[in-house]
Amino acid sequence: MKEEKFLDADYAQYTEKYLNKSMTTEPRMLSIVFDRIGVASAEEREKLFKGLVDNSILTEAKTLRATGAR
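Residues numbered from 1 in each chain as written. Predicted model: local features only at pLDDT ≥ 70, side-chain atom pairs only at ≥ 80, totals over all residues. Heavy atoms only, no water.

### Quick notes on the pattern of salt bridges
In total, this model carries three salt bridges according to the counting rule given. Of the charged contacts, one joins aspartate 35 and arginine 45 as a salt bridge, the two residues approaching to 2.3 Å between their closest N and O atoms. Remark: arginine 45 occurs in helix 3 (residues 42-52) and aspartate 35 occurs in helix 2 (residues 31-36); sequence separation between them is 10 residues. With a relative accessible area of 18%, arginine 45 lands in the buried category. (Salt bridge = Lys/Arg side-chain N within 4 Å of Asp/Glu carboxyl O. Helix = DSSP H or I, 4+ residues; strand = E, 2+ residues; numbered from the N terminus. Buried < 20%, exposed > 50% of the residue type's maximum accessible area, 1.4 Å probe, protein only.)

Shown next, in the form of structure tokens:
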């Protein structure tokens, strides 16, 4: 494609749709799993979630991206 404005528009649309999404896992995303295994207590769900999911790498990558560090 030779028209730079079209490339810029495509890139902007792509980044908005795919790259600007949060990649972290949230407790609500596992609610169906917790329901199926019979975990009803919010405290127990939080404890299980913290034992299963580690978003620290994504948080660090997001911070590095924001600061422009490599």
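### Let's talk about the side chain of arginine 45
In terms of polar contacts, arginine 45 uses its side chain to reach the backbone carbonyl oxygen of valine 39, at 2.8 Å. Apart from the residues lying within four places of it in its own chain, the contact partners of arginine 45 are Ser31, Phe34, Asp35, Val39 and Ala40. (Polar contact = N/O pair within 3.5 Å; in protein donor to acceptor, adjacent residues only side chain to side chain. Contact = heavy atoms within 4.5 Å.)

### Describing the nonpolar core
The tendency in soluble globular proteins is for nonpolar side chains to be buried side by side. Formed by Leu30, Phe34, Val39, Phe49 and Val53, the largest nonpolar core amounts to five residues. Setting aside anything within four residues of it in sequence, one finds valine 53 in contact with Thr25 and Leu30. (Core = buried A, V, L, I, M, F, W, Y, C linked by side-chain atoms within 4.5 Å.)

### Structural notes on helix 4 (residues 56-67)
Here helix 4 contains 12 residues, and its C-alpha end-to-end distance of 17 Å stays within 8% of the 16 Å for a straight helix at 1.5 Å per residue. Remark: glycine 68 follows helix 4 within two positions and exhibits a positive phi of approximately 80°. (Expected span 1.5 Å × (residues − 1).)

### As for the layout of surface pockets
Taken as a whole, the largest pocket spans an internal volume of roughly 350 Å³. When residues of the lining of the largest pocket are traced back to their parent elements, those giving at least two are helix 1 (4-19) and helix 4. Counting residues per element, the lining of the largest pocket draws most heavily on helix 4, which supplies six residues. Here the lining of the largest pocket is built from residues that sort into six nonpolar, four polar and three charged. (1 Å grid on protein atoms, 1.4 Å probe; cavity = no way out; pocket = protein on both sides within 12 Å on 5 of 7 lines; lining within 4 Å. Points joined across faces, edges and corners; volume = space filled by probe spheres on them. Nonpolar A, V, L, I, M, F, W, Y, C, P; charged D, E, K, R; others polar.)

### Describing the confidence of the model for the protein
Residues of the protein with pLDDT of at least 70 account for 94%, and the chain-wide mean is 86. At the low end of the mean pLDDT range in the protein sits helix 1, at 82; at the high end sits helix 2, at 95. (pLDDT = per-residue confidence, 0-100.)

### Re the environment of threonine 25
You can see threonine 25 is positioned in the loop between helix 1 and helix 2. Exposure remark for threonine 25: the relative accessible area of 29% places this residue in the partly exposed category. Distance from threonine 25 to aspartate 35, taken between C-alpha atoms, is 17 Å for residues 10 residues apart in sequence. Excluding residues within four positions of it along the chain, threonine 25 makes contact with Phe49, Val53 and Asn55.

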